[in-house]
Amino acid sequence: MIRNSLTGKQKSFLRSMGMSEEPIVQIGKEGVTPTVVQAAREAIKKRELIKVRVLQNSPEEPADAIELLAERADANLVQVIGRNGLLFKRNFEKPKIVLPK
C-alpha cells in the first residue's frame, strides 16, 4: 500500500467519522506485539477505519506506538490525538467507506 495516499479532504472526512468510534485495539505494557498487529489487521479488514488507544503503562510514546502499528499493519495513519489514533485501510473486496475525491 502506498503510504499517506490520502488527501487532506479524505483525512478530514475520516477524522469526522472517527469521532464517534470507540477504541478497538489497545497497546499495553508489552508495546506493539505481533498479537496487537494481527488484531489490528483483522479489525481493519472488517471495518476499514479503526481507533487505537495506547494505555498508560505502554513503554512507548503514544505517537510512536501508533505510527509503528500503522506501518506493521500496512495501514494509513489518519491522525494521532493524545493517546488515541485512527488507522485506515481500504478493503477492495468489500468496501464500507466511500471516500470523497
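Our structure's up above, just so we're on the same page.
Below or above, wherever it landed, is the structure these notes cover. Since this is a predicted model, take the numbers as computed values, not measurements.

Details of the pattern of salt bridges
Tallying each qualifying case throughout the model produces two salt bridges. Note that Glu-21 and Arg-47 form a salt bridge whose closest N and O atoms lie 3.8 Å from each other. Of this pair, Glu-21 sits in the loop between α1 (8-18) and β1 (23-27) while Arg-47 sits in helix α2 (residues 34-47), and the two are 26 residues apart along the sequence. Residue classification places Arg-47 among the partly exposed residues on the basis of a relative accessible area of 43%.

Overview of the sheet that holds β1
Here four strands make up an open sheet; going across it, the order is β1-β2-β4-β3 and the pairing mixed. Strand pairing shows two members of the sheet lacking a second neighbour, β1 and β3 (76-81), which therefore form its edges. The sheet shows a mean angle of 25° between the axes of neighbouring strands, taken without regard to direction. In the packing of α2 onto the sheet, the strands contacted are β1, β2 (49-54) and β4 (84-88), and the crossing angle to β1 comes to about 165°.

Regarding the pairing of β3
Put simply, side chains in a regular strand alternate between the two faces of the sheet. Across five bridges, the pairing between β3 and β4 is antiparallel. Bridge assignment links Val-80 to a residue of β4, and that residue is Gly-85. Counting the residues that bridge the hairpin from β3 to β4 gives two residues, and of these Gly-82 lies at a positive phi of roughly 60°.

Section: unusual backbone geometry
Look at Glu-48: it is not a glycine, yet its phi comes out positive at around 75°. Mapped onto the elements, Glu-48 comes out in the loop between α2 and β2. Of note, the phi angle at Asp-74 is positive, near 60°, even though the residue is not glycine. Mapped onto the fold, Asp-74 is located in the loop between α3 (62-72) and β3.

Remarks on the environment of Arg-83
The topology assignment puts Arg-83 in the loop between β3 and β4. Owing to a relative accessible area of 28%, Arg-83 belongs among the partly exposed residues under this scheme. C-alpha of Arg-83 to C-alpha of Ala-63: the two residues are 20 residues apart in sequence and 7.4 Å apart in space. Not counting residues within four places of it along the chain, the set of residues in contact with Arg-83 comprises Val-52, Arg-53, Val-54, Leu-55, Gln-56, Pro-62 and Ile-66. Separated by 3.1 Å, the side chain of Arg-83 and the backbone oxygen of Leu-55 make a polar contact.

So, how was this worked out
- Residues numbered from 1 in each chain as written.
- Predicted model: local features only at pLDDT ≥ 70, side-chain atom pairs only at ≥ 80, totals over all residues.
- Heavy atoms only, no water.
- Salt bridge = Lys/Arg side-chain N within 4 Å of Asp/Glu carboxyl O.
- Helix = DSSP H or I, 4+ residues; strand = E, 2+ residues; numbered from the N terminus.
- Buried < 20%, exposed > 50% of the residue type's maximum accessible area, 1.4 Å probe, protein only.
- Pairing = 2+ DSSP bridges.
- Axes fitted to C-alpha atoms, helices over the stretch in contact; angles between N-to-C directions.
- Contact = heavy atoms within 4.5 Å.
- Polar contact = N/O pair within 3.5 Å; in protein donor to acceptor, adjacent residues only side chain to side chain.

Fair warning: the whole summary comes from geometry, so function is off the table for now.
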